[in-house]
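Single-letter residue listing:
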Amino acid sequence: LMDGLDEVQSLAQRTTLVKRLEAFFAHHHKAVNKFVLTSRIVGYRELRPSVDGLVECTLVDFEEAEIELFVGKWSHALERAVQGDNRLAQQQAQQEGRELLAASARNPGVRQLAANPLLLTILALMKRQGVTLPERRAQLYETYVKTLLRTWNLARSLDGRPQREVNDTETLRVLAPLALWMQESSPGKGLVKEAALQRQLETIYRQRGEADPARAARQLLEDARDYASLLLERGPGEYGFIHLTFMEYLAAVGAANLAQQEVAPLVERLAAHLDQSEWHEVILLTIGVLGIVQGRDGAAGDAVQGLIQSGQGEPGRAIVRAGEAVADAYPGGVTPACQQAVVQELVKTLRNDKVVKPVLRAHAGRVLARLGDPRPEVMTIEGMEFCYVPPGPFIMGSGDDDPLAYADE
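Residues numbered from 1 in each chain as written. Predicted model: local features only at pLDDT ≥ 70, side-chain atom pairs only at ≥ 80, totals over all residues. Heavy atoms only, no water.

1. Some thoughts on the pairing of strand S2 (residues 231-235)
Counting buried positions along S2 yields 4 of 5 residues, so the element is predominantly enclosed. Taken together, the 4 bridges between S2 and strand S3 (residues 238-241) define a ladder with antiparallel strand orientation. Across the sheet, the residue bridging to leucine 231 is phenylalanine 241, located in S3. Linking two consecutive strands that pair antiparallel, namely S2 and S3, is a turn of 2 residues; a positive phi of about 75° is found at glycine 237 within it. (Buried < 20%, exposed > 50% of the residue type's maximum accessible area, 1.4 Å probe, protein only. Helix = DSSP H or I, 4+ residues; strand = E, 2+ residues; numbered from the N terminus. Pairing = 2+ DSSP bridges.)

2. Focus: the packing of aromatic side chains
A full pass over the atoms with the stated rule returns 5 aromatic pairs. Here phenylalanine 62 and phenylalanine 70 contribute two aromatic rings whose centre-to-centre distance is 5.9 Å and whose plane-to-plane angle is 50°, an arrangement assigned as tilted. Overall, phenylalanine 70 belongs to the partly exposed group, its relative accessible area being 21%. Taken together, Phe24, Phe25 and Phe35 form an aromatic cluster joined through their ring pairs. (Phe/Tyr/Trp six-rings, centres within 6.5 Å; stacked < 30°, edge-to-face > 60°.)

3. Some points on the confidence of the model for the chain
Averaged over the chain, the pLDDT score is 82; the fraction of residues at 70 or greater is 88%. For the chain, per-element mean pLDDT is lowest for strand S5 (residues 384-387), which scores 55, and highest for helix H9 (residues 194-207), which scores 93. Here residues 398-409 is modelled with pLDDT under 50, and outside its nearest four sequence neighbours on either side it reaches 18 contacts, counting other chains as well. (pLDDT = per-residue confidence, 0-100. Contact = heavy atoms within 4.5 Å.)

4. Some remarks on the sheet that holds strand S1 (residues 192-193)
With respect to topology, 3 strands assemble into an open sheet ordered S1-S3-S2, the strand pairing being antiparallel. A single partner strand is all that each edge strand has here, and the edge strands are S1 and S2. Sheet strands in contact with helix H8 (residues 168-185) are S1, S2 and S3, and its direction is about 115° off that of S3. The strands touched by helix H10 (residues 213-226) are S2 and S3; relative to S2, the strand with the most contacts, the crossing angle is about 70°. (Axes fitted to C-alpha atoms, helices over the stretch in contact; angles between N-to-C directions.)

5. Some thoughts on the side chain of glutamate 79
For glutamate 79, the location among the structural elements is in helix H3 (residues 64-83). Of the residues examined, glutamate 79 reaches a relative accessible area of 1% and is grouped as buried. In this structure glutamate 79 touches Gly84, Ala89, Gln92, Ala93, Glu96 and Arg128, once residues within four positions along its chain are discounted.

6. Notes on the nonpolar core
Among the nonpolar cores identified, the biggest contains 99 residues, and Leu175 and Leu230 are the most heavily contacted of them. If one sorts the elements of this core by residue count, helix H11 (residues 244-256) sits on top with 9 residues. (Core = buried A, V, L, I, M, F, W, Y, C linked by side-chain atoms within 4.5 Å.)

7. Observations concerning the packing of H11 against helix H13 (residues 280-293)
The N-to-C vectors of H11 and H13 enclose an angle of 60°; their axes lie 8 Å apart at closest approach. With respect to each other, H11 and H13 are oriented oblique. Between H11 and H13 the crossing geometry is right-handed. In contact with Glu248, Tyr249, Ala251, Ala252, Val253, Ala255 and Ala256 of H11, H13 contributes Glu281, Val282, Leu285, Thr286, Val289, Leu290 and Val293. Among the residues making up the contact of H11 with H13, the classes are represented as 11 nonpolar, 1 polar and 2 charged. (Parallel < 35°, antiparallel > 145°, perpendicular 65-115°, else oblique. Left-handed = near helix turned anticlockwise from the far one by under 90°. Nonpolar A, V, L, I, M, F, W, Y, C, P; charged D, E, K, R; others polar.)

8. Looking at the pattern of salt bridges
The tally for this structure, following the rule as stated, stands at 11 salt bridges. With a closest N to O distance of 4.0 Å, arginine 206 and glutamate 202 form a salt bridge. Taken together, the positions of arginine 206 and glutamate 202, both in helix H9 and 4 residues apart, correspond to about one turn of that helix. Exposure remark for glutamate 202: the relative accessible area of 19% places this residue in the buried category. Note that glutamate 210 is salt-bridged to arginine 215, the shortest N-O span being 3.5 Å. (Salt bridge = Lys/Arg side-chain N within 4 Å of Asp/Glu carboxyl O.)

9. Observations concerning helix H15 (residues 317-329)
In this model, H15 (13 residues) spans 18 Å end to end at C-alpha, consistent with the 18 Å of a helix rising 1.5 Å per residue. Judged by how many residues are buried, H15 sits mostly within the fold: 12 of 13 residues are covered. Those residues of H15 lying buried are Arg317, Ala318, Ile319, Val320, Arg321, Ala322, Gly323, Glu324, Ala325, Val326, Ala327 and Ala329. Residues of H15 that are buried sit in contact with H13, helix H14 (297-309), helix H16 (336-351) and helix H17 (358-371). (Expected span 1.5 Å × (residues − 1).)

10. Let's talk about the pairing of S3
It is a general feature of regular strands that their side chains alternate between the two faces of the sheet. Neither face of S3 is open: one carries Glu238 and Gly240, the other Tyr239 and Phe241, and all of them are buried. Taken together, the 2 bridges between S1 and S3 define a ladder with antiparallel strand orientation. The residue bridging lysine 193 from the neighbouring strand is glutamate 238, located in S3.

11. Notes on unusual backbone geometry
Residue proline 331 is bonded to the preceding tyrosine 330 through a cis peptide linkage, with omega at 0°. Looking at the element boundaries, proline 331 is found in the loop between H15 and H16. Positive phi, close to 60°, is recorded for valine 32, a residue that is not glycine. Here valine 32 lies in the loop between helix H1 (11-28) and helix H2 (41-45). Look at valine 32 and you get exposed, because its relative accessible area is 67%.

12. Re the environment of aspartate 85
By the secondary structure assignment, aspartate 85 is in the loop between H3 and helix H4 (87-106). Contacts of aspartate 85, omitting those with residues within four sequence positions, involve Arg80 and Gln90.

13. Quick word on the packing of H15 against H17
It is the contact of H15 with H17, at a shortest axis distance of 9 Å, that shows an interaxial angle of 25°. Taken together, the axis directions place H15 and H17 in an arrangement best described as roughly parallel. For the pair H15 and H17, the sense of crossing is left-handed. Taking contact as the criterion, the partners of Arg317, Val320, Gly323, Glu324, Val326, Ala327 and Asp328 in H15 are, on H17, Leu360, His363, Ala364, Val367, Arg370 and Leu371. Here the residues of the contact of H15 with H17 sort into 7 nonpolar, 2 polar and 4 charged.

Okay, here's the thing in structure tokens:
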């Protein structure tokens, strides 16, 4: 078993190691020995071992059955370690498992994280420690990020250097603008080179009035290597967050912080990316951070209206994105007046067959159903929508947003 090929930092050393592994495998596999070589994808792409008989596999995310199996085994193992192997421990484990699986089933945000074994473990630990997993996605990610930050900063403060002060809030104030920059630099991937990351960290620390920005940036990167948690080295000389979801959430925090005085800078930043699928989650989470996490429902509503009025993106895109964000944050995250205004805009978009593509009109219809469709010709029975469709030609739409948009229309 050769674990962690990508952790060999020097490309020259890794090249030598791969050649020796290939020779070792070629010689010894004839005796029916079995071999496993593991690597993160980032460090593997540039230097794949190539030898007859070596099969390449990629680990995929957990599905429902695997999540259930993991949660069941993890809960029982933990309770046995805490209470011993007895009936009470078994009952407690079953209860813990049921509650975590129920949270995953009813909360898409939890379900997305639970597909990753490491993140599922952290979810289970949070649940075990009595942390309530929020229903709202923005709150869930906030809880998750704060948990990871506390773990990271605790490890950094217990490393024998007590003179170093590490603070969760201050760390977040650095990571949020860093994540926004990474989202803009590497959307959908979230991987950046160490030199570029160092320069950006220095810029952020300089803006925050740090006496020695270069030293602070080096220290953060050193901590990322030594106490891998929220931000970590994902491959030789490349850094990223532990999961793309966290970069997107922290980028949303960074974007929301642009609206401290007024929402115009935030709207300008997000509107430029309305057509980019890699920014879909960031836009939705930004409204959630403003309205739910920061409790600024008025600012969240102003940002929504600003996106609609920006004129950016293909016709209909802005209102669909705004509608999704409101559906994600309402109630509480935006005002009722904002919700009603968005509903009316969605109705207009849905009927605008001269300008808006069919796929976006279908998308607008689905978002409208989530927010409450006010049209008298539409009736909803037990979650099923029926509406009158005027006679005329029907053209199947297509697009990168949802190629099966009309499968059930």
